[in-house]
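# Examination of the molecular architecture
Chain by chain, the residues:
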Amino acid sequence: VTIVCTGDELRAPGDAVRPGSIPESNSGALGSLARQAGAIVRVAPIARDEPGATLRAIESALDGTDVLLTVGGVSVGDHDVVRPALEKAGVKLDFWRVAIKPGKPLAVGRSPSAHVLGLPGNPASALVTFALFGMPLLRALQGDARPLPMPLPVRTASARKRAPERLELARATLYVDAGMLSARFHDNQSSGAATSLAQSDGVAFLPPGPGEIPAGTTVD
């Protein structure tokens, strides 16, 4: 598995702080998850938000890899140059964008030699989409006949407003209440919130619809 993180704002761990920069933290977490699923991981240099540089980074990363993970740049902003670069590098996209929250701008495809996942750049989006799409892919490529995680029924500890058109993957802490496994949602569910990721045991699948999901509802 080769990981290519993209973005002019990123600085490598240990680099001096510069105005407008943030530390690149996704590759460490994604690499750890990939190794848990049996992968050998390499992390490529950070690719800048310039079409030519991104294309060269992707072409280099595709050489000798079975699965390519790009991180960031797959949405529709002015600096989101990864998706066109993937296509120019010979990647045929099977789909782009999924009706989930977080992680909507996920891209999945194939090059002649590798599987490709274009992950969103925000930490929660990147890790949740990789856990749900990338880790099962790695297990399946290694012959696992049951690559998908088994969902557990849990009871919601509180009411929660639901997304009208997207399945929400709400970060939660699990605990046992009156003999039933229950899920307590974290207040900060933003796609950039790494703290709620660190404090979570899993994600609760909250189906889309109007209104809110009442406390005590059983969900996966």
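Every chain is numbered independently, its residues counted from 1 as its sequence is written. Owing to the predicted nature of the model, reporting of local features is limited to residues with pLDDT of at least 70; listing and counting of side-chain atom pairs is limited to 80 or more, with chain, interface and lining totals taken over all residues. As a convention, hydrogens and water are excluded, and side-chain values are obtained from all of the structure's heavy atoms.

## Here's the deal with unusual backbone geometry
Between Lys101 and Pro102 the backbone carries a cis peptide bond, its omega angle lying at 5°. Although it is not a glycine, Arg97 adopts a positive phi angle of roughly 85°. Helix numbers and strand numbers start at the N terminus; a helix is a DSSP run of H or I with at least 4 residues, a strand a run of E with at least 2. With respect to the helices and strands, Arg97 occurs in the loop between β6 (92–96) and β7 (100–101). Unusually for a residue other than glycine, Ala178 sits at a positive phi of about 55°. By the element assignment, Ala178 lies in the loop between β12 (167–177) and β13 (180–185). Owing to a relative accessible area of 78%, Ala178 belongs among the exposed residues under this scheme. Only protein chains enter the accessibility calculation, which uses a 1.4 Å probe. A residue is then buried if its area is under 20% of the maximum for its type, exposed if over 50%, and partly exposed in between.

## Remarks on helix α1 (residues 26–36)
Those residues of α1 lying buried are Asn26, Ser27, Leu30, Gly31, Leu33 and Ala34. Within α1, the buried residues cover an arc of 165° as seen down the axis, which keeps them to one side. We call two residues in contact when some of their heavy atoms are within 4.5 Å. If you follow the buried residues of α1, they end up packed against β1 (2–5), β4 (42–43), β5 (67–71), β9 (115–119) and α4 (123–141). Immediately downstream of α1, the backbone of Gly38 shows phi near 100°, a positive value. As used here, the arc is the angular range of directions from the helix axis to the C-beta atoms.

## Quick look at the side chain of Ser182
Looking at where Ser182 falls in the secondary structure, it is placed in strand β13. By relative accessible area, which is 2% here, Ser182 ends up buried. When sequence neighbours within four positions are dropped, the list of residues in contact with Ser182 reads Val154, Arg155, Thr173, Leu174, Tyr175 and Asp177.

## A closer look at the pairing of β1
The alternating pattern of β1 places Thr2 and Val4 on one face and Ile3 and Cys5 on the opposite face, and all of these are buried. The pairing of β1 with β4 spans 2 bridges and is classified as parallel. Its bridge partner being in β4, Ile3 is matched across the sheet by Val43. In short, DSSP must find at least two bridges between two strands for them to pair.

## What to know about the packing of aromatic side chains
Note on ring pairs: Phe, Tyr and Trp rings are taken, using the six-membered ring of Trp, and paired if centres are within 6.5 Å. Classes follow the plane angle, with under 30 degrees stacked, over 60 edge-to-face and the rest tilted. Enumeration according to the criterion identifies 1 aromatic pair in this entry. The interplanar angle of 55° and the centroid separation of 6.5 Å between the aromatic rings of Phe95 and Phe133 together place this pair among those described as tilted. One end of the pair, Phe95, is in strand β6; the other, Phe133, is in helix α4, and 38 residues separate them in sequence. Here Phe95 falls in the partly exposed class, since its relative accessible area comes to 34%. A positively charged side chain is recorded as over a ring if its NZ (Lys) or CZ (Arg) lies within 6 Å of the ring centre. The angle to the ring normal must also be within 35 degrees. Lying over the aromatic face of Trp96, Arg97 brings its terminal NZ or CZ to 4.5 Å of the ring centre. Just above the ring of Phe185 sits the side chain of Arg160; from NZ or CZ to the centre is 5.8 Å.

## A look at the nonpolar core
In this description, a nonpolar core means a group of buried Ala, Val, Leu, Ile, Met, Phe, Trp, Tyr and Cys residues linked to one another through side-chain atoms lying within 4.5 Å. In terms of nonpolar packing, the biggest core is built from 27 residues, with Val1, Ile3, Leu30, Leu69, Phe130 and Leu138 touching the most fellow members. Secondary structure elements with two or more residues in this core: β1, α1, β5, β9 and α4. Those residues in contact with Leu69, other than ones at most four positions away along the chain, are Val1, Thr2, Ile3, Val4, Leu117 and Phe130. Within the second largest apolar cluster, 18 residues are counted, among which are Val4, Ile58, Leu62 and Ala107.

## With respect to the environment of Val81
Among the secondary structure elements, Val81 is positioned in the loop between β5 and α3 (82–88). Taking the C-alpha atoms as reference points, Val81 and Thr6, separated by 75 residues in sequence, lie 9.2 Å from one another. Residues within four places of Val81 in sequence aside, it is in contact with Asp49, Glu50, Pro51, Thr54 and Gly73.

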